[in-house]
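Now for the letters of each chain:
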Amino acid sequence: MFRASVIGMIAVLWAAGASADVAPGDIVWGEYGSIEQPLTDTPGDPEEGRAVMATNALGNCVACHSVEAMEDVPFHGTIAPELQGAGDRWTEAELRGIVVDAKQLFPDSFMPGMYKVGPFIRPGVEFTGNAPDAPEDIQPILTAQQVEDVVAYLVTLKE
Ligand code: HEC
């Protein structure tokens, strides 16, 4: 009984929190591709962020980046900079901007925007004409909370 009501309360709090997320289109960009304002009211959890970075279907950051502090995760790519020290090189706001849409800071980057719903040129548009009908049909790769979790982990990556 007690447990059910606690779970119910958490669900309500979670729903309330989720509705307060900043939507991809509502993000306020600073100069040089930084985002000062967190995307959620819930502070990022570095452990969750680390898990997102190691998960194929999510950020899959290690496919391109190697991360010294994540040596337990196999198969790091080397086509992108080593992320150790990213917490020294960039502020939290800059890291948030890079994860949301790296092209704001690095215009020619092939790093995928993790919290972005367009404009994209999708292969489907050119090859099959089957473009999603509306931008609402496109889901960002990461949720707002996952972005915050990843940023919380990145700031811990010191030299
Ligand atoms: C498809 C490859 C690819 C993936 C996947 C990728 N990145 Fe990147 N990332 C890059 C490249 C390339 C750069 C270098 C910037 C540029 O493009 O000039 C970069 C730059 C960065 C930087 C700044 C580099 C530094 O330390 O100075 C950070 C931080 C970063 N990425 C974090 C992430 C995170 C976190 C993820 C996963 C959520 C991720 N990246 C996924 C390719 C990738």
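The rules behind the values
- Residues numbered from 1 in each chain as written.
- Predicted model: local features only at pLDDT ≥ 70, side-chain atom pairs only at ≥ 80, totals over all residues.
- Helix = DSSP H or I, 4+ residues; strand = E, 2+ residues; numbered from the N terminus.
- Buried ≥ 20, exposed ≤ 12 C-beta atoms within 10 Å, placed from the backbone.
- Contact = placed C-beta atoms within 7 Å.
- Near = placed C-beta within 6 Å.
- Nonpolar A, V, L, I, M, F, W, Y, C, P; charged D, E, K, R; others polar.
- Arc of directions from axis to C-beta.
- Axes fitted to C-alpha atoms, helices over the stretch in contact; angles between N-to-C directions.
- Parallel < 35°, antiparallel > 145°, perpendicular 65-115°, else oblique.
- Left-handed = near helix turned anticlockwise from the far one by under 90°.

J.: How should the overall build of the protein be read in this particular structure?
T.: Secondary structure assignment for the protein yields six helices and zero strands. Start at the N end of the protein and walk to the C end: the helices and strands fall as α-α-α-α-α-α. For the protein, the proportion of its 159 residues judged to be buried stands at 26%. Restricting the contact set of the protein to residue pairs at least 6 apart, pairs at least 24 apart contribute 59%.

J.: Even after reading the chapter, I still don't get the site of the ligand, so can you show me in this structure?
T.: Every one of the 24 residues lining the ligand counts as a neighbour, but G59, C61, C64, A80 and S109 are closest to it. Mapped onto the shell around the ligand, the elements with two or more residues apiece are α3 (86–89), α4 (92–101) and α6 (144–154). Ranked by the residues each element gives to the shell around the ligand, the list is headed by α4, at three residues. For the shell around the ligand, the class distribution of residues is 19 nonpolar, four polar and one charged.

J.: For this particular structure, what's the right way to read helix α2 (residues 46–54)?
T.: In an α-helix, one full turn covers 3.6 residues, which means residues spaced three or four apart are oriented alike. Taken as a whole, α2 has its buried residues at G49, R50, V52 and M53. Angular distribution of buried residues about the axis of α2 spans 160°; they occupy a single face of the element. On its buried side, α2 packs onto α6.

J.: Please explain the packing of α4 against α6 as it appears in this structure.
T.: Two quantities define a packed helix pair, namely the angle between the axes and the distance from one axis to the other. Taken N-terminus to C-terminus, the directions of α4 and α6 make an angle of 130°; their axes are 9 Å apart at the nearest point. Compared by their axis directions, α4 and α6 come out oblique. Between α4 and α6 the crossing geometry is right-handed. Along its contact with α4, which presents E92, L95, R96, V99 and V100, the element α6 presents V147, V150, V151 and L154. Looking at the contact of α4 with α6 residue by residue, the class counts come to seven nonpolar, no polar and two charged.

J.: Looking at this structure, how should I read unusual backbone geometry?
T.: Glycine aside, residues mostly have negative phi, and peptide bonds are mostly found in the trans state. Of note, N60 is a non-glycine position whose phi angle comes to about 50°, a positive value. In this fold, N60 is placed in the loop between α2 and α3.

J.: Explanation requested: α6 in the structure shown.
T.: Of all 11 residues making up α6, 11 are buried, and the element is well covered by its neighbours. Within the span of α6, buried status applies to A144, Q145, Q146, V147, E148, D149, V150, V151, A152, Y153 and L154.

J.: Looking at this model, I keep getting lost on the environment of V22. Mind explaining?
T.: Mapped onto the elements of the fold, V22 is located in the loop between α1 (2–19) and α2. By the C-beta count within 10 Å, which is 18 here, V22 ends up partly exposed. Along the primary structure V22 and D41 are separated by 19 residues, whereas in three dimensions their C-alpha atoms are 9.5 Å apart. Beyond its immediate chain neighbours, meaning those up to four positions away, V22 contacts I27, Q37, L39 and A144.

J.: Please clarify how the packing of α2 against α6 should be interpreted in this entry.
T.: For the pair α2 and α6, the least separation of the axes is 7 Å and the interaxial angle reads 100°. Taken as axis vectors, α2 and α6 run roughly perpendicular relative to one another. Note on element contacts: α6 touches α2 through Q146, D149, V150, V151, A152 and Y153, opposite P46, E48, G49, R50, V52 and M53. Residues of the contact of α2 with α6, tallied by class, amount to seven nonpolar, two polar and three charged.

J.: Please explain the environment of G113 as it appears in this structure.
T.: Note on placement: G113 falls in the loop between α4 and α5 (123–127). Considering only alpha carbons, one finds G113 and K103, 10 residues apart in sequence, at a separation of 7.4 Å.

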